[in-house]
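# Coordinate analysis (summary)
Residues per chain, in single letters:
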Amino acid sequence: MLWHIQISPGPGQPDHEGRRIEREAAELHLPGPWLVSAARGFLIQGDFTQAQIERLASDLFVDSVVESVRVTPCVRAQDGSLTHSGTNQIHVLRQPGVTDPEGESGLNLLRDLGYAVDHCRAIRTYQVDGPSNAMDALVSRVLCNDAVEVAVRGPIPFDRIGLGANYLFQRISVPLSTMNDVELVKFSRDGQLSLSLSEMKAIQAHFAEMGREPTDCELETIAQTWSEHCSHKTLRGVVEFEGKVIDNLLKSTIFQATKTLNLDWLVSVFEDNAGVVSFDHDYDVCFKVETHNHPSAIDPYGGANTGIGGVIRDPMGTGLGAKPIANTDVFCVAPPDTPPELVPPGVLHPKRVLRGVVAGVRDYGNRMGIPTVNGALAVDPAYLANPLVFCGTIGLLPRGKAHKEVAHGDLIVALGGRTGRDGIHGATFSSVDLTSESQGISGGSVQIGNAITEKMVLDVVLQARDRELFRSITDCGAGGFSSAVGEMGANLGAEVDLEKAPLKYQGLNYTEIWISEAQERMVLAVPPEHLEAFQALADAEHVESTVLGRFVDTGRLQLRYEGEVVGDLSMHFLHEERPRVVRQARFTPAPETALDLPERLNYNDDLLAVLANWDVASKEWIVRQYDHEVQGGTIIKPMVGSHEDGPGDASVILPVRGRWRGLAISCALNPRLGSIDPYAMAAGCIDEAIRNCVAVGADPSRIALLDNFCWGNPERPETLGSLVLAAKACHDLALAYQTPFISGKDSLYNEYSHGDVSLAIPPTLLISAMGQVPDVRRCVTMDLKESGNSLYLIGETTDCLAGSIWVQHLGLKGGRVPQVVPEAGRKIFAAVHEAISNGVIRACHDVSDGGLAAAIAEMCMAGRLGASVLLASVPGADRGISESAILFSENPTRFVVEIRPADEPRFREILNSQGVHHWGRVGTVDATPNGHFIVQGHSGQNLIDIGIPQMLSAWRRTLDA
Amino acid sequence: MATPRVLILRAPGTNCNEETAYAWEQAGASCETWHLSRLLADASQISKFQVLTIPGGFSYGDDLGAGRIFATRLGTVLGEEVRKLRDRGGLILGICNGFQVLVRAGLLPENSEIGPVTLTRNDSGHFEDRWTRLAPVPGRSPFLTSAEPLEFPSAHGEGKFLTKSAEDLERLQQAGQIVLRYIDAEGNPTQSFPQNPNGSAGAVAGMCDPTGQILGLMPHPERHVLPYHHPRWTRSELRAEGDGMRLFRSAVASLSE
């Protein structure tokens, strides 16, 4: 018998889910009005009487204080149909084979308690009042995610839970040898392999040499391994740029700088799942940032959820397994107030995207117990169809555990979640443009996360690492087992029995098993003598572990299904014989144009508009949803100041309890400048990420950087040209600042096409920085502390308004591009660090988006203290710069610092001894109640005079404003 | 003075066990952290300990409601042993998810006059992490020995305390079981957001059983152990140590008497 336990909010209790549905329907401009009642529930299949199941429901499933419950038996529909139109009751449940954490938990609990239960599935039920002609739209766009769920209208029409048909083995070989070029291209596209013609021909030739046709599984393996996502064929390929041939752009720029620097604190860079640097005598730390753009465009919640879940597995799979200690997240979206009619077909509204990705990161990161401590939001209309989602994780690794090597005879052990149908074709899917059909064709590439499974896997991995039970580990990310086993065994060889993989449901064929990107799985190389101990440990933690095969020194990747060989590939062919990509690149810099700026007597409104800009405005509504303090090591929180709402430059965590050495984590990106001058953009981002770290107390000689390139289609020479310039800037600045890159990732093809319309993102480079703080007790925050203290500006201000927030607000284009001067920057960083280390700085804030005016305004708001600033005291102000440029120019390498009068001599001494040229005392912290931020112009008038409450109300912009 | 032995019980999804153990150890206790299934295998092992702590996290993903699965296992199998621990003078502490577990397991409020209580979805509808000020009521629970306000971060999505009826809340107050309340800047219990971060009735942040030996609270004392944990430490006078240590030290002192 199948029972439906339906659990609704009790009388007088809020229906959060119902309200959320109504709000989303309104935001999507579905014809309304809608009135929705939502219920959660479970379908339980087992031998129960009505009384028994009611008892179970009230004991185990319902909160009797706030919920009410109804239990009904399900009856098979006479006509066999799933949907009765005309009723307004809608049930939604997961498709067979798709992760259903609540259902699985319910099943496990019931069985543990001794009940004979066949199945337990979570189900949501909605009672909907609204226009019947828009009901289908509501179901498909709000209530149900077709990619992974199924909706049923009317009474539940089945009396048992179907699990799909069993799979009947059939080996499929592909007649590649007879295909001509057109057929090869068509086959690649139809199969979503994303292989180019030259790649298809190389594969054809390889199999012709072996005298046989490939199997579908072999083709998929090659496609995954050769995908842009996994092999970075553009950045590692040949680029012809300005008459020169660049052989492997990554190696000749970003890696090269790290290699040249050759710093003794680098442990493992660009070779593992995350870059590793040394931290103290006992520990190393590692950091990785990934993107999950394409899945998040289609399913923001699921995409971001599995984005953070995936990047957490990177440190877990680095060396012999690092413990994740902090997460970061950065989102790029179109303006949340974009009119719905401007949103193209197949594209979700940016407000929906932003809400979804925030919730996705929240629910996974919080459940994992990893503090999310740093992030950013960048808003630009060009992200409309291609929102970007960056997630990062820092891990802590005992010294001596950073390297691994698989040995002949080691067992291939899968640990964690079961393999399901979710996430087929993610790796190749993320290597193509999105189209208006994307939501239709790529449903399978959406993955479902279950954070608790990953937490359980983590608990096993760390214990097994400390007991030295395995020799190597990596995560199952893009490409699933195919990539994980293929990479681990690349220098050796592997044999895998695919039928051994535990499945969520039995309908998967051997290729699906091999390439499924089902989440929460790790692959380990376990020496046979440790298998028993390893599996006992996993059992004790209730985590499934399965031997899939073994690593063998054959140089081949052999795949079997029930004893029959379904794949037999040369590791060398797979990893070394991909035809190299040759691409053209060029870049035509836009001519510098003069800006025709308004000269005003007062810039109050301009400042308020800058503060309300999406990039500048408070992110508190996001930050508070994340647990940024779990693990008890967050010493400088993301939000700082007297009311804990000021925008900190970087967070600081204590990786090791009982010690004072800390890590500062920051980031920077600037798509506004990316479209104007990619070199200056990249240099500026590196400078900003470093100064964010330095501003809280990080040692500038211990800062490691990560790059994440998100670009459009690199097959367009102009697009690739701007990427080449950004990579060159990374090389140059890393050398100049001695801040090595330790890891990175690129995501290309961030374009959308629909008919003739093509929309590419602005060149977007995220720089993430991990700086080491010698003693966190010396850290400073950016909020103004005490009235009567002096404010200093360090760094040169010039008239460089190109790409600035203010110019964007004015709707203007042009102006000079701000350039980094590393020779001066190095000295500034050293001076600020020395001053912080000596305790002479009370507050420190970097000058970035919105310029000097925004920086001081933020310091005032954070400390609820006013400030008086004299424009003429700004270093460089005497060189004919306009007042507006001084206020809003976004020159790099500048800090505003607050100094107690008694510390001023010492502070000046430090600046002089470090050889800093550009600095000046620009004002004071004021004592006036409810403080005002005042800037006096050259002629004595107040260019800015705003009270803190007014600034706060502009700056505290939420999604609904 | 003997060192109290603390058992920290973890389940799949528990994620505050390490910092909770650290806080106990800083207060002078010795800690062991066990997987729930280890204790289920032999529940009498609990007799080796003087304190049982259920730390924060998302046990079993909170898949059937916050703390529900942990509580079901704890309640059906261990309830008796936990009460024995209390009856012989031991202490039981549930923080955040641990508080939810104690409530769902029927170990709180443990008062036959009162119907079930719950911790349900925050008024905001989602998880929030923010610092809260709390007024402790000393005298009942060995964990709370001073009326001096405490500042701890609250970090949860389901922390809104509700009773079945207003009378039940009144009875709990009368019984002296409401020992921690969210307060505003003036020190008064408050229903206003964000000082009361979730909309809890009676501004309840934590409660104890009639003996005071079982304490559950939503905010996290183990996250305010160092003075540098405080969100405003860079701008105000530094405390000697975090407020959370008062709670752990009081408990250790009471057991060492």
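Reading guide: rules and limits
Residues numbered from 1 in each chain as written. Chains lettered and ligands numbered in written order. Predicted model: local features only at pLDDT ≥ 70, side-chain atom pairs only at ≥ 80, totals over all residues. Heavy atoms only, no water. Helix = DSSP H or I, 4+ residues; strand = E, 2+ residues; numbered from the N terminus. Rg over C-alpha atoms; globule rule 2.2 N^0.38 Å. Buried < 20%, exposed > 50% of the residue type's maximum accessible area, 1.4 Å probe, protein only. Salt bridge = Lys/Arg side-chain N within 4 Å of Asp/Glu carboxyl O. Pairing = 2+ DSSP bridges. Axes fitted to C-alpha atoms, helices over the stretch in contact; angles between N-to-C directions. Contact = heavy atoms within 4.5 Å. Buried area = accessible area lost by both parts, 1.4 Å probe. Polar contact = N/O pair within 3.5 Å; in protein donor to acceptor, adjacent residues only side chain to side chain. Nonpolar A, V, L, I, M, F, W, Y, C, P; charged D, E, K, R; others polar. 1 Å grid on protein atoms, 1.4 Å probe; cavity = no way out; pocket = protein on both sides within 12 Å on 5 of 7 lines; lining within 4 Å. Points joined across faces, edges and corners; volume = space filled by probe spheres on them. Expected span 1.5 Å × (residues − 1). Phe/Tyr/Trp six-rings, centres within 6.5 Å; stacked < 30°, edge-to-face > 60°. Lys NZ or Arg CZ within 6 Å of the ring centre and 35° of its normal. Parallel < 35°, antiparallel > 145°, perpendicular 65-115°, else oblique. Left-handed = near helix turned anticlockwise from the far one by under 90°. Domains from an automatic or database assignment.

## Digging into the overall build of chain B
Scanning chain B from terminus to terminus reveals six helices and 11 strands. Expected size for 257 residues packed as a compact globule is a radius of gyration near 18 Å; at 17 Å, chain B falls within 12% of this value. The principal-axis extents of the C-alpha atoms in chain B amount to approximately 50 × 40 × 35 Å. Out of the 257 residues belonging to chain B, those deemed buried represent 65%.

## Here we look at the pattern of salt bridges
All names here are of chain A. All told, the structure shown has 79 salt bridges over all chains when counted by the stated rule. Across the pair arginine 40 and glutamate 67 runs a salt bridge whose closest N-O atoms are separated by 3.1 Å. Here the residue arginine 40 occupies a position in strand β2 (residues 35-46), and glutamate 67 occupies one in strand β3 (residues 67-73), the gap between them amounting to 27 residues. With a relative accessible area of 26%, arginine 40 lands in the partly exposed category. Here aspartate 59 makes a salt bridge to arginine 55, at a shortest N to O gap of 3.1 Å.

## Observations regarding the sheet that holds strand β29 (residues 703-710) of chain A
Residue and element names in this part refer to chain A. Overall, mixed pairing links the six strands, which are arranged β24-β27-β28-β33-β29-β30 in an open sheet. Both outer strands of the open sheet, β24 (634-636) and β30 (741-747), are each paired with one neighbouring strand and no more. For this sheet, the mean angle separating the axes of adjacent strands, direction not counted, is 20°. Judged from the six bridges that link them, β29 and β30 form a sheet pairing that is parallel. Residue pairing in the sheet places aspartate 707 in a bridge with glycine 744 of β30. Running over the sheet, helix α25 (residues 717-737) touches β29, β30 and β33 (764-773) and is turned about 180° from β29.

## Quick look at the sheet that holds strand β14 (residues 388-398) of chain A
All names here are of chain A. Read across the sheet, six strands follow the order β9-β10-β11-β14-β12-β13 without closing on themselves; strand pairing throughout is mixed. Both edges of this open sheet fall to β9 (266-268) and β13 (372-379), since each of them pairs with a single strand only. Put simply, the sheet's adjacent strands are angled 20° from each other on average, direction ignored. Both strand β12 (residues 323-333) and β13 contribute to a ladder of seven bridges, which runs parallel. The partner of valine 330 across the bridge, within β13, is alanine 376. Sitting on the sheet, helix α12 (residues 300-316) is in contact with β11 (283-291), β12 and β14, with an inclination near 25° to β14.

## Points about the interface of chain B and chain A
At the junction of the two partners, chain B supplies 51 residues and chain A supplies 66 residues. Of the roughly 4800 Å² buried between chain B and chain A on both sides combined, carbon and sulfur atoms contribute 53%. Linking chain B to chain A there are 10 salt bridges. Ionic pairing is found between glutamate 18 of chain B and lysine 323 of chain A, a salt bridge with its closest N-O pair at 2.8 Å. Taken together, the connections running from chain B to chain A amount to 29 residue pairs in polar contact (both at pLDDT 80 or more). Ranked by residues supplied to the side of chain B that touches chain A, first place goes to helix α3 (residues 68-87) of chain B with five residues. Residues belonging to the side of chain B that touches chain A are distributed by class as follows: 18 nonpolar, 17 polar and 16 charged.

## Structural notes on empty space enclosed by the protein
All names here are of chain A. On inspection of all chains with the given rule, the structure shows nine cavities of 30 Å³ or more. Around the largest cavity, the lining is made up of 42 residues, and of these Gly375, Ala376, Lys619, Pro647 and Gly648 lie nearest the centre. Broken down by secondary-structure element, the contributors of at least two residues to the lining of the largest cavity are β12, β13, α22 (620-623), β28 (662-668), α23 (671-674), α24 (678-696), β35 (843-846) and α28 (851-863). A breakdown of the residues in the lining of the largest cavity according to their chemical character gives 21 nonpolar, 11 polar and 10 charged.

## Observations concerning the pairing of β11 of chain A
All names here are of chain A. Taking burial as the measure, the nine residues of β11 include eight buried ones, the bulk of the element. As paired elements, strand β10 (residues 275-278) and β11 share four bridges and run antiparallel to each other. Looking at β11, one finds that valine 277 is bridged to valine 285. Hairpin remark: β10 followed by β11, antiparallel, with four residues in the connecting loop.

## Some words on α28 of chain A
Residue and element names in this part refer to chain A. For α28, which comprises 13 residues, the first-to-last C-alpha distance of 19 Å matches the rise-based estimate of 18 Å (1.5 Å per residue) to within 8%. By the criterion of burial, α28 is predominantly enclosed, with 13 of the 13 residues buried. The positive-phi residue at the C-terminal boundary of α28 is arginine 864, with phi of around 50°.

## A look at the packing of aromatic side chains
Residue and element names in this part refer to chain A. Under the criterion given, the structure shown has 22 aromatic pairs over all chains. Three or more aromatic residues joined by ring pairs form one cluster here, namely Tyr167, Phe169, Tyr510 and Tyr561. Just above the ring of phenylalanine 481 sits the side chain of arginine 521; from NZ or CZ to the centre is 4.4 Å. Directly above the ring of tryptophan 614 sits arginine 957, whose terminal nitrogen or CZ lies 3.7 Å from the centroid.

## Overview of the packing of α25 of chain A against helix α27 (residues 822-837) of chain A
The relative placement of two packed helices comes down to the angle between their axes together with the axis-to-axis distance. Residue and element names in this part refer to chain A. Here α25 crosses α27 at 45°, and the two axes come no closer than 9 Å. Considering the angle they form, α25 stands oblique to α27. Crossing hand, α25 versus α27: right-handed. Residue-level inspection shows Leu733, Ala736 and Tyr737 of α25 in contact with α27, the latter providing Pro822, Gly825, Arg826 and Phe829. Residues belonging to the contact of α25 with α27 are distributed by class as follows: five nonpolar, one polar and one charged.

## Quick word on the domain arrangement of chain A
Residues and elements named next belong to chain A. Assigned domains within chain A: domain 1 (2-153), domain 2 (265-403) and domain 3 (604-608 + 631-955). Of note, the centres of domain 1 and domain 2, computed from C-alpha atoms alone, are 31 Å apart. Regarding the contact of domain 1 and domain 2, the summed buried area is about 610 Å², with carbon and sulfur atoms giving 42% of it. Counting across the interface, domain 1 meets domain 2 through two salt bridges.

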